[in-house]
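Architecture and fold: a report
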Amino acid sequence: MDKKIIKEKASKIKLLILDVDGVMSDGSIILDNYGNELKRFHVRDGHGIKMLQKAGITVAIITGRRSKVVEVRAKELGITEVHQRIFKKSVVYEKLLKKYKCKDENVAFMGDDIVDQELLKRAGLSAAPCDADETAMKYADMVTKKGGGRGAVREFSDLILKATGLWKKVSGETFG
């Protein structure tokens, strides 16, 4: 999609919804000998989320898996909209639209797999990490240069902040 169109779509965003495995994390699920699940998150992705929140953009998580580590990471980042073990993501999406008084055009969504295609098609702005499933990339408005759990969320959040004119407010940097 044309960069100008993506920037125009990004300028309307008030709510960012993220998948977890393959988006916020690199998609790996590490289990230790005690059954504890571990995931890798990128610190700059977290900083991008915090900047969005500082700018007044709500961040939510909708994921198909349930994991204690997701609750921990969301709490660290101040994400209160955490929806796990969701198999029909559009149901939660609808509830979030109503709760935050948004239209599709005000929502950005990042997903990485076939189960995300409905929201990738519907959200006003959608993205997939460069290592996402082909189906996700097909329906995404943009494919990030960075992989899931390796800076993709930060790349997407920076785009949104710059397009909405909020970058300078939250970064302290003059952006021309």
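Reading the values: rules and limits
- Residue positions are counted from 1 within each chain, in the order its sequence is given.
- Side-chain atom pairs in this predicted model are given and counted only at pLDDT of 80 or more, local residue features only at pLDDT of at least 70, and totals for whole chains, interfaces and linings cover all residues.
- Only hydrogens and water are set aside when side-chain values are computed; all heavy atoms of the structure are taken into account.
- Working definition of a nonpolar core: buried Ala, Val, Leu, Ile, Met, Phe, Trp, Tyr and Cys residues. They are joined through side-chain atoms within 4.5 Å.
- Each residue is placed in one exposure class: buried if its accessible area under a 1.4 Å probe, protein chains only, is under 20% of its type's maximum, exposed if it is over 50%, and partly exposed if it falls in between.
- Strands here are runs of E lasting at least two residues and helices are runs of H or I lasting at least four, both read from the DSSP assignment and numbered beginning at the N terminus.
- By definition in these notes, contact holds between two residues if any of their heavy atoms fall within 4.5 Å.
- Aromatic rings from Phe, Tyr and Trp, with only the six-membered ring used for Trp, were paired whenever their centres fell within 6.5 Å, and each pair was classed as stacked if the ring planes differed by under 30 degrees, edge-to-face if by over 60, and tilted otherwise.
- Here, a charge over a ring means that NZ of Lys or CZ of Arg falls within 6 Å of the ring centre while also lying within 35 degrees of the ring normal.
- Take a side-chain nitrogen of Lys or Arg and a carboxyl oxygen of Asp or Glu: if they are within 4 Å of each other, that pair is a salt bridge.
- All axes are obtained by fitting lines to C-alpha atoms, using only the stretch in contact for helices, and the reported angles, taken between N-to-C directions, cover 0 to 180 degrees.
- Oblique is the label for any angle not under 35 degrees, not over 145, and not in the 65 to 115 range, which are roughly parallel, roughly antiparallel and roughly perpendicular in turn.
- The residue classification treats Ala, Val, Leu, Ile, Met, Phe, Trp, Tyr, Cys and Pro as nonpolar and Asp, Glu, Lys and Arg as charged. All others, Gly included, are polar.

Judged by nonpolar contacts, the single largest core of 33 residues is most densely connected at Leu18, Phe156 and Ile160. For this core, the leading source of residues is helix α7 (residues 152–163), giving six residues. In contact with Ile160, not counting residues within four places along its chain, are Ala10, Ile13, Leu16, Leu52, Ile57, Ala108 and Leu125. In this structure, Leu96, Val107, Phe109 and Ala128 belong to the second largest nonpolar core, which totals 19 residues.

On inspection of all chains with the given rule, the structure shows zero aromatic pairs. Between the NZ or CZ atom of Lys121 and the centre of the ring of Tyr139, over which it lies, the distance is 4.5 Å.

Note: most residues except glycine have negative phi, and most peptide bonds are trans. Even without being glycine, Arg85 reaches a positive phi, approximately 55°. One can find Arg85 in the loop between β5 (81–83) and α4 (89–99). On the accessibility criterion, Arg85 (52% relative accessible area) is exposed. Phi at Lys101 is positive, roughly 50°, even though this residue is not glycine. When you line up the elements, Lys101 lands in the loop between α4 and β6 (107–110). Accessibility expressed as a relative area gives 73% for Lys101, which makes it exposed.

All right, on to the pattern of salt bridges then. Per the counting criterion, the structure on display carries 17 salt bridges. Linking Asp19 and Lys89 is a salt bridge whose minimum nitrogen-to-oxygen distance equals 3.2 Å. Here Asp19 is found in the loop between β1 (15–18) and β2 (30–31), whereas its partner Lys89 is found in helix α4, with 70 residues between them in sequence. Just as Asp19 is buried, Lys89 falls in that class too. Note that Asp131 and Arg150 form a salt bridge whose closest N and O atoms lie 3.7 Å from each other. Of this pair, Asp131 sits in the loop between β7 (125–128) and α6 (134–139) while Arg150 sits in the loop between β8 (142–143) and α7, and the two are 19 residues apart along the sequence. Using a relative accessible area of 41% as the deciding quantity, one classes Asp131 as partly exposed.

Let us look at the packing of helix α1 (residues 3–10) against α7. Between α1 and α7, the shortest axis-to-axis distance is 8 Å and the interhelical angle comes to 75°. Looking at the two axes, α1 sits roughly perpendicular to α7. Across from Ile6, Lys7 and Ala10 in α1, the residues of α7 making contact are Leu159, Ile160 and Ala163. Each residue belonging to the contact of α1 with α7 can be placed in one class, and the counts come to five nonpolar, no polar and one charged.

From the geometry alone we can't say anything about function, so treat these as descriptive.
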